[in-house]
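So you can see what is in the structure, the chains are spelled out below.
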Amino acid sequence: MAISSILGYPRIGVDREWKKSLEAFWAGKIDEETFQRQQQEIRLNHLRKQQAKGIELIPVNDFSNYDHMLDTAVMLGIVPKRFGYEGGVVPLSVYFGIARGTKEATASEMTKWFNTNYHYIVPELGDALPTLTENRPLLAYREAKEKLGIEGKPVIVGPLTFLKLSKGYAANETDAWLERLLPLYAQMVRELADEGVKWVQIDEPIVVTKLSDEDAARLKLIYTTLTEAAPSLNIMLQTYFEAVENYRDIVSLPVKGIGLDLVHGLDGNLAAIREYGFPADKVLGAGVIDGRSIWRADLNEKLALLDELRGIVPEERLIVQSSCSLLHVPVSTERETKLPAELKGALAFADEKLDELVLLTKAVSQTADAVREQLNAADKALGLLKNSAARNRRDVQESVTAIAKQEPGRSKPFESRYSAQQHKWQLPLFPTTTIGSFPQTAEVRKARQLWRKGEWTNEQYNAFIREQIDTWVKLQEEIGIDVFVHGEFERTDMVEFFGEKLEGFAFTQNGWVQSYGSRCVKPPVIYGDVAFHEAMTVPETVYAQSRTNRPVKGMLTGPITIMNWSFVRDDIPREQVAYQLAYALRQEVEALEQAGIGMIQVDEPAVREGLPLKEADQADYLAWAVKAFKIATSTVQDTTQIHTHMCYCEFHDMIDSIEAMDADVISIETSRSHGELIYSFEENTYKLGIGLGVYDIHSPRVPDVEEMTGMIDRALRVLDPKLFWINPDCGLKTRGREETVASLRNMVEAARNAREKY
Ligand code: GLN
Ligand code: ZN
């Protein structure tokens, strides 16, 4: 009979009690013992829940006090020297030090976990001396067994994935590092086998990316070694997020089970299974329930897929599981009381996915008739949403289809727009500007709270926002900035603000997911056709413009960023959703222009987050992302200056796409790439307006004039002075007022100095 499993469960808890416990500990409000007790309670609760729901193979060691990559690193004794670690089990203070920094040592870098919004701590191999400091999977296994009688499945990050995601070594040292790490893994699995552990899940998501021949050989070495070290242990080699690259090599590795993503990698993986079959000595972990979407599954369709698989892999060698860890979805829909009924019925967060898995497993193992009613209930719920008015906006669909058929573009090429804009705006050489937000002080947040609670009227709140705008318009004037912004005081967040004003969005009360460490985000849900309803940013922008003669830039979040930071409906292609958003934003751009705003910035910091893992799919994604941006921005007059802004990641390999967006001016974060980005522009001879951030806004430090001058000079060795703008790296909302004013004064002075030189 088939059995059910998941690859991991969310850590945060229904009430984000995990986050609260962590933050209380960091703040010194609870001691370590209390913290450990709380964490254990949370962990055990999650296991109890899976047990109660009827999940048969329950993961352990998927839980973490911060991040599973960091857990793996400290387990292997990989602690950078600067944290003063001296061997033995890594203390919590060091563990959190690596994650968050200490007074003496800076934190390790954090980066995106494949193409998700989860961020892991990047292990620094460099000067570390690896040793197995403790066998964490074993401890987690024992805990589940002793406390709850659960025969758990320990989860471990596999050696190849761990190595590939680590830094601090040169490519030609890879094998040397593998030689150091592999014996530790071997020891770990041997101890698991000695304990009588039946299944271990070793995560190797790296195998869905293109591997070199060397890596393929390493994979073979790793799994041969581990199997020899623990012959009685069943190793499930788990892959996810895409189809595996070399199916035949992967399934012939000497392990007991292969876990495949049959949602995000369905086409590739299924085609390979159909073509090459599946080895008769292995168990298939069939990842049929989407671990990354919040939507209820079409269970009849899933059952049909499992039925097909059953024709290839006998039932007793089938594990029905989630496509990846449920870490990426919120905990439970149970306490969502404010969503439209047709939406709520169509949602499945982690707990509901457990139910789906148990149900599907019953359906394949017994007869589908026993659970027919429940299978059909899913159909019905999905049908309700499908036929809802929200998903059937003829007006939106017709307009967007028509627009998407055309190739969007400004009426004139950049060169002619440039002269028209120069003529109109009369900006100095190296115009100075900022990215949009000014400090969101405690006062600003308080005001918004009072207003949301109904303690302040709209009039009171609006008056407050206007005062803030007044203050900052004056400050910008005093400082001598050339292009102003209104400051974004009315916005909590650059996506939520627009989501609340557009149609087709819903907001959960508890739909939190872990982003990094204790930080959780609650993405909006795009569940219907997206439509513009009324102007979203016009009043504040026009107000700011009425207070000054300098140009005020309108400020919007772009279609791709809104999409990538939301949970998105999956009944239509993402491309369509992007065009709907773009069309809605176009109406906002046009409304701003009509209201006399002649510079409009459309931010796209998250473009890269949607980049597909498979290289072959990337060009297509970038093409429609660029097209969406152009749909939103290209209907304006030649003299209207379109700005965009990007940050958070590397852009060096995307410059052609960035250029294709055809924004008159882009401001782009430079400090994180330590200036490397500048050289990418050298090769590409970028020919539109560009501001490379001249200072990092992530720190309260006030950079001096010389430092910024250095950045400017460096950029101007590569870029055309006529096209160069001077601005900070990103928005200033997390900064304090004093430091912001001081930094901007220095920035303006650096710009003035530069004007004299060039
Ligand atoms: N306009 C936004 C701001 O300044 C941009 C934020 C971002 O790039 N993440 O806050
Ligand atoms: Zn930014």
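Since this is a predicted model, take the numbers as computed values, not measurements. (Residues numbered from 1 in each chain as written. Chains lettered and ligands numbered in written order. Predicted model: local features only at pLDDT ≥ 70, side-chain atom pairs only at ≥ 80, totals over all residues.)

Please give an account of the site of ligand 1 that cites residues and values.
Taken together, 13 residues sit near ligand 1, with I435, G436, S437, P605 and G731 positioned nearest. Its residues assigned to classes, the shell around ligand 1 shows six nonpolar, four polar and three charged. (Near = placed C-beta within 6 Å. Nonpolar A, V, L, I, M, F, W, Y, C, P; charged D, E, K, R; others polar.)

Quick rundown of the sheet that holds strand 18 (residues 641–646)? Include the residues and the values.
Judged by pairing direction, the sheet is parallel, and its five strands sit side by side in the order 15-17-18-19-20 without closing on themselves. Single-partner strands in this sheet number two, and they are strand 15 (553–557) and strand 20 (689–692). Neighbour-to-neighbour, the strand axes of the sheet open up by a mean angle of 20 degrees, direction not taken into account. As paired strands, strand 18 and strand 19 (residues 665–668) are joined by four bridges and run parallel to one another. Across the sheet, residue T644 finds its bridge partner in strand 19, namely I666. (Pairing = 2+ DSSP bridges. Helix = DSSP H or I, 4+ residues; strand = E, 2+ residues; numbered from the N terminus. Axes fitted to C-alpha atoms, helices over the stretch in contact; angles between N-to-C directions.)

Go over the environment of A144 with me, naming the residues and quoting the values.
Tracing the backbone through its elements, the reader meets A144 in helix 5 (residues 136–148). A count of 24 C-beta atoms within 10 Å places A144 in the buried class. Along the sequence, A144 and N61 sit 83 residues apart, while their C-alpha atoms lie 9.8 Å from each other. (Buried ≥ 20, exposed ≤ 12 C-beta atoms within 10 Å, placed from the backbone.)

Residues and numbers for the packing of helix 2 (residues 32–53) against helix 5, please.
Taken N-terminus to C-terminus, the directions of helix 2 and helix 5 make an angle of 65 degrees; their axes are 11 Å apart at the nearest point. The angle between helix 2 and helix 5 falls in the class roughly perpendicular. Between helix 2 and helix 5 lies a crossing of right-handed hand. Of the residues in helix 5, those touching helix 2 at L44, L47, R48 and Q51 are A144, K147 and L148. Its residues placed into classes, the contact of helix 2 with helix 5 shows four nonpolar, one polar and two charged. (Parallel < 35°, antiparallel > 145°, perpendicular 65-115°, else oblique. Left-handed = near helix turned anticlockwise from the far one by under 90°. Contact = placed C-beta atoms within 7 Å.)

Run through the nonpolar core, naming residues and quoting values.
Membership of the largest hydrophobic core comes to 225 residues, with the highest contact counts inside it found for V200, A286, V320, L360, A578, L581 and A628. Ranked by residues supplied to this core, first place goes to helix 22 (residues 574–594) with 10 residues. Setting aside its immediate chain neighbours within four residues, L581 contacts V530, P559, I562, M563 and A628. (Core = buried A, V, L, I, M, F, W, Y, C linked by C-beta atoms within 7 Å.)

Outline the sheet that holds strand 16 (residues 567–568), supporting the account with residue identities and numerical values.
Pairing within the open sheet is mixed, and its three strands lie in the order 11-14-16. Each end of this open sheet is capped by a strand with a single partner; those strands are strand 11 (503–506) and strand 16. Of the strand pairs in this sheet, strand 14 (residues 525–531) and strand 16 are connected by two bridges, and their pairing is parallel. Note that in strand 16 the partner of V525 across the bridge is F567. Against the sheet, helix 22 makes contact with strand 14 and strand 16, and its axis sits at roughly 55 degrees relative to strand 14, the strand it touches most.

Give me the pairing of strand 8 (residues 257–261): which residues, what numbers.
Of all five residues making up strand 8, four are buried, and the element is well covered by its neighbours. Note: strand 8 against strand 9 (residues 283–289), five bridges, orientation parallel. Counted as the bridge partner of I258 is L284 from strand 9. Following the backbone out of strand 8, through helix 10 (residues 266–276) and into the adjacent parallel strand 9, one traces a crossover that is right-handed. (Right-handed = clockwise from strand over helix to strand, strands pointing away.)

Explain the confidence of the model for the protein to me, using residue names and the numbers behind them.
Overall, the prediction assigns the protein a mean pLDDT of 96, with 99% of residues at 70 or greater. This prediction of the complex comes with two scores: 0.95 for pTM and 0.99 for ipTM. (pLDDT = per-residue confidence, 0-100.)

Describe helix 4 (residues 92–100), naming the residues involved and giving the relevant values.
Along helix 4, the positions that sit buried rather than exposed are Y95, G97 and I98. On an axial view of helix 4, the arc spanned by its buried residues comes to 160 degrees, and they lie on one face. On its buried face, helix 4 sits against helix 3 (68–75) and strand 4 (119–121). In the segment just after helix 4, G101 is the residue with positive phi, at about 85 degrees. (Arc of directions from axis to C-beta.)

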